[in-house]
Amino acid sequence: MTYKPIIATLGYIYCRERNCVLMIHRNARADDLHLGKYNGLGGKVERDEDVGSCMVREIREEAGIEVTQMRMAGTISWPGFGKNGEDWFGFIFLVTGWTGEPSEANAEGALEWVELERLLAGDVPLWEGDKHFLPLIFGSGKPTFHGVMPYSNGQPEGWNYSVEE
């Protein structure tokens, strides 16, 4: 079967003290697949841009800030993740430098600084699968990872990954 995923970016933005992360609380649209969940910022890669440029653009559009420093934390293939079972492939970024003042909300929902400890403990509503890869983004050493997380009916069916040495 040919794999033709939707290519996207997903970014996690550290606050200046690096003890909290800017998240979007997807609470603005009743038809949102992510309704009620907290998520990083990001979106689909456009035809004429690279993944880094996409991440910068998405953060500018969604939070109103300019990225000055980021690193790719990893990639994840999400077969079956979409509303109609579409496959997604995400480039995951950790943003460590930015300028400006984040917006309070956007068309998808409220932007909130979430304490890293609460995020990693799952104290905010997340996609079930996020608990598997968030520690890889924020953990000690932070190796670049590449994972596969198949989804069915809105739930992850598995998780496996490798890390770059």
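Scoring rules and cut-offs
- Residues numbered from 1 in each chain as written.
- Predicted model: local features only at pLDDT ≥ 70, side-chain atom pairs only at ≥ 80, totals over all residues.
- Heavy atoms only, no water.
- pLDDT = per-residue confidence, 0-100.
- Helix = DSSP H or I, 4+ residues; strand = E, 2+ residues; numbered from the N terminus.
- Salt bridge = Lys/Arg side-chain N within 4 Å of Asp/Glu carboxyl O.
- Buried < 20%, exposed > 50% of the residue type's maximum accessible area, 1.4 Å probe, protein only.
- Phe/Tyr/Trp six-rings, centres within 6.5 Å; stacked < 30°, edge-to-face > 60°.
- Contact = heavy atoms within 4.5 Å.
- Core = buried A, V, L, I, M, F, W, Y, C linked by side-chain atoms within 4.5 Å.

Caption draft 1: Broad picture of the confidence of the model for the chain. Mean pLDDT for the chain: 93, with 99% of residues reaching 70 or above. In the model of the chain, strand β11 (residues 155-156) stands out as the element of lowest mean pLDDT, 90, in contrast to helix α1 (residues 51-63), which has the highest, 98.

Caption draft 2: Layout of the pattern of salt bridges. Within this structure, the stated rule accounts for eight salt bridges. Between Arg26 and Glu108 there is a salt bridge whose closest N-O contact spans 3.1 Å. Of this pair, Arg26 sits in the loop between β2 (20-25) and β3 (38-39) while Glu108 sits in the loop between β7 (105-106) and β8 (109-115), and the two are 82 residues apart along the sequence. Its salt-bridge partner being Lys131, residue Glu128 comes within 2.5 Å of it at the nearest N-O pair. Classification of Glu128 as partly exposed rests on a relative accessible area of 38%. According to the relative accessible area criterion, Lys131 is partly exposed, its value standing at 48%.

Caption draft 3: Expanded view of the packing of aromatic side chains. For the structure shown, the criterion picks out 12 aromatic pairs. Centre to centre, the rings of Tyr12 and Phe138 are 6.0 Å apart; their planes meet at 80°, and the pair counts as edge-to-face. Here Tyr12 is found in strand β1 (residues 6-14), whereas its partner Phe138 is found in helix α3 (residues 130-138), with 126 residues between them in sequence. Note on accessibility: Tyr12 and Phe138 belong to one class, buried.

Caption draft 4: Focus on the side chain of Ser77. For Ser77, the position within the fold is in strand β5 (residues 66-78). We classify Ser77 as buried; its relative accessible area is 9%. Filtering out sequence-adjacent residues up to four positions away, Ser77 remains in contact with Tyr3, Trp88, Phe89, Gly147, Val148 and Met149.

Caption draft 5: Geometry of the nonpolar core. Residues Tyr12, Trp78, Leu119, Phe133, Ile137, Phe138 and Phe145 are the most contacted members of the largest nonpolar core, which totals 27 residues. Contributing elements (two or more residues each) for this core: β1, β2, β5, β6 (88-99), α2 (116-121) and α3. For this core, the leading source of residues is α3, giving five residues. Those residues in contact with Phe138, other than ones at most four positions away along the chain, are Tyr12, Tyr14, Val21, Leu94, Leu116, Leu119 and Leu120. In terms of nonpolar packing, the next biggest core, distinct from the first, is built from 15 residues, Ala63, Ile65, Phe93 and Leu111 among them.

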